[in-house]
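# Observations on the model geometry
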Amino acid sequence: LLCCAENSDSLDNLEESPSHSRGSAAVQETSDGNDVFSNQQDERDFGDHAGFFQGEGSADYREVLLAMEAKEKDFMPCWEKVDAQGEGMLEHRSRVVTCMQDLCRKLRFGDSTFFAAVNLLDRFLSVHAVKDDLRVLFPLIGIACVSIAAKMAEVHIPSLRSLQALMGPNLPFNAQHIQRTEMGILSSLGWAVNCITPYTVLAYVVKQKCAERPDREGLALAVFQEAVQQLRTSVLGKEYLVRSATESARACVALAFEGALEANAQQRQANDDGAIKRNREGFETGAYPNKRARSPTTPLCSQWLF
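Residues numbered from 1 in each chain as written. Predicted model: local features only at pLDDT ≥ 70, side-chain atom pairs only at ≥ 80, totals over all residues. Heavy atoms only, no water.

## A closer look at the overall build of the chain
- Within the chain, the regular secondary structure consists of 14 helices and zero strands.
- Across the chain, helices and strands are ordered from the amino to the carboxyl terminus as α-α-α-α-α-α-α-α-α-α-α-α-α-α.
- The contacts of the chain with a sequence gap of at least 6 include a subset with a gap of at least 24, amounting to 78%.
- In the structure as shown, the chain presents an accessible area of about 16,100 Å², 51% of it carried by carbon and sulfur atoms. (Helix = DSSP H or I, 4+ residues; strand = E, 2+ residues; numbered from the N terminus. Contact = heavy atoms within 4.5 Å. Areas by Shrake-Rupley, 256 points an atom, 1.4 Å probe, with all protein chains shown as cover.)

Pasting the structure below:
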């Protein structure tokens with residue numbers, strides 16, 4: 001399926017099959033530009049990871065993390081080669097990554113698909129210079145990267161004709177252009193598409209960070225959700241290209257962890273304030289059993305004066 005022809009039976013069946021209605025509905029319902037699927041996939045992803053954070057588990061996740069750290073260098077883009085393509089390259093990359101993110105949301109693809117597509121884009125730019133007069137091809141390169149990543153991670157894959165429709169009528173590209181671009185990207189990257197990205201290692205980094213916390217289950221899920229948001233923001237910047245997958249994940253988890261601790265502290269303070277207020281009101285009104293109601297002239301016990 002990765003490189004089957006656009007007129008093959010497999011793609012035709014996918015487009016017509018009821019099981020593929022999710023992707024086709026995305027084309028129809030988002031033709032007006034409204035992002036109607038922005039949160040649904042996120043909720044599924046977070047639910048899938050909730051089980052991973054439950055219980056003490058074993059140290060196996062540490063071994064997996066070490067193995068991915070050792071392998072991630074094979075999938076790192078070369079920042080120097082991307083930067084050497086001249087002024088404006090980062091801006092073009094940022095614009096196409098934003099479009100790729102929007103496309104993945106409209107098709108209800110998971111975050112793993114989006115970050116894998118960005119990795120393919122960055123690695124392709126590391127080995128293939130895009131000349132100034134050919135940068136109009138960036139949307140085509142971006143959508144081809146999304147298509148390849150989807151074939152590696154998603155269950156329901158849109159046809160190339162569906163992807164062409166999502167590109168809009170103003171771009172002079174057709175399904176065959178997308179297919180040829182896919183082949184060019186795959187050849188340039190030596191077919192190494194099962195890549196390690198910051199999102200790949202994120203859950204493992206979160207579990208390691210929260211392993212010693214007594215409230216690790218709830219805290220880990222909160223940290224993971226916030227770290228994903230941090231990753232989505234950082235993907236547009238230079239630092240995302242410079243850092244390894246683990247470094248990017250750890251940086252986002254550190255920010256998310258600090259924010260989660262602060263939010264927990266604020267929640268505890270709010271709960272304490274609420275309990276104090278309820279206790280004060282109970283003593284003043286005599287609502288507590290076996291407590292004498294306070295008369296208007298009788299002061300509260302000194303420990304209840306705040």
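## Focus: unusual backbone geometry
- Within the chain, Arg108 stands out as a residue other than glycine whose phi angle is a positive 60 degrees.
- Among the residues examined, Arg108 registers a relative accessible area of 13% and is labelled buried. (Buried < 20%, exposed > 50% of the residue type's maximum accessible area, 1.4 Å probe, protein only.)

## Quick word on empty space enclosed by the protein
- With the rule as written, the count across this model stands at two cavities of 30 Å³ or more.
- The space that makes up the largest cavity amounts to roughly 130 Å³.
- Contributing elements (two or more residues each) for the lining of the largest cavity: helix H7 (111-127), helix H13 (238-242) and helix H14 (245-285).
- The biggest single contributor to the lining of the largest cavity is H7, with four residues. (1 Å grid on protein atoms, 1.4 Å probe; cavity = no way out; pocket = protein on both sides within 12 Å on 5 of 7 lines; lining within 4 Å. Points joined across faces, edges and corners; volume = space filled by probe spheres on them.)

## Structural notes on the confidence of the model for the chain
- Residues of the chain with pLDDT of at least 70 account for 65%, and the chain-wide mean is 74.
- The element-level mean pLDDT for the chain is lowest in helix H1 (residues 9-16), coming to 31, with H7 highest at 95.
- In this model residues 1-44 is a low-confidence stretch, pLDDT under 50, and it forms 75 contacts with partners more than four residues away in sequence or in other chains.
- Below a pLDDT of 50 lies the segment residues 291-306, which in the model reaches 17 contacts outside its immediate sequence neighbourhood of four places, other chains included. (pLDDT = per-residue confidence, 0-100.)

## Some points on the packing of H7 against helix H8 (residues 138-153)
- One can describe the packing of H7 onto H8 by two numbers: an axis separation of 8 Å at closest approach and a directional angle of 130 degrees. On the basis of their axis angle, the class for H7 and H8 is oblique. Handedness of the H7/H8 crossing: right-handed. Counted together, Ser112, Thr113, Ala116, Ala117, Leu120, Leu121, Phe124 and Leu125 of H7 and Phe138, Ile141, Cys145, Val146, Ile148, Ala149, Ala150 and Ala153 of H8 form the full contact between these two elements.
- Among the residues forming the contact of H7 with H8, the class breakdown is 14 nonpolar, two polar and no charged. (Axes fitted to C-alpha atoms, helices over the stretch in contact; angles between N-to-C directions. Parallel < 35°, antiparallel > 145°, perpendicular 65-115°, else oblique. Left-handed = near helix turned anticlockwise from the far one by under 90°. Nonpolar A, V, L, I, M, F, W, Y, C, P; charged D, E, K, R; others polar.)

## Remarks on the nonpolar core
- One finds Met100, Leu202 and Val223 to be the most contacted residues of the largest nonpolar core, which totals 69 residues.
- Sorting elements by how many residues they give to this core places H8 first, with ten residues.
- Beyond its immediate stretch of four places on either side in the chain, Met100 contacts Phe114, Ala117, Val118, Leu121, Gly142, Cys145 and Val146. (Core = buried A, V, L, I, M, F, W, Y, C linked by side-chain atoms within 4.5 Å.)

## What about helix H12 (residues 216-234)?
- The terminal C-alpha atoms of H12, which comprises 19 residues, lie 25 Å apart, in line with the 27 Å expected from a rise of 1.5 Å per residue.
- Every buried residue belonging to H12 is among Leu219, Ala220, Val223, Phe224, Ala227, Val228, Leu231 and Arg232, and all of these are buried. (Expected span 1.5 Å × (residues − 1).)

## Brief notes about the packing of aromatic side chains
- Summed over the entire model, instances satisfying the criterion amount to four aromatic pairs.
- A ring pair is formed by Phe114 and Phe115, whose centres lie 5.0 Å apart and whose planes are at 65 degrees; its orientation type is edge-to-face. For the pair Phe114 and Phe115, one class covers both residues: buried.
- An aromatic cluster of three or more residues is present, and its members are Phe114, Phe115, Tyr199, Phe224 and Tyr240.
- Positioned above the aromatic ring of Phe257 is the side chain of Lys209, whose terminal nitrogen or guanidinium carbon lies 5.0 Å from the ring centre. (Phe/Tyr/Trp six-rings, centres within 6.5 Å; stacked < 30°, edge-to-face > 60°. Lys NZ or Arg CZ within 6 Å of the ring centre and 35° of its normal.)

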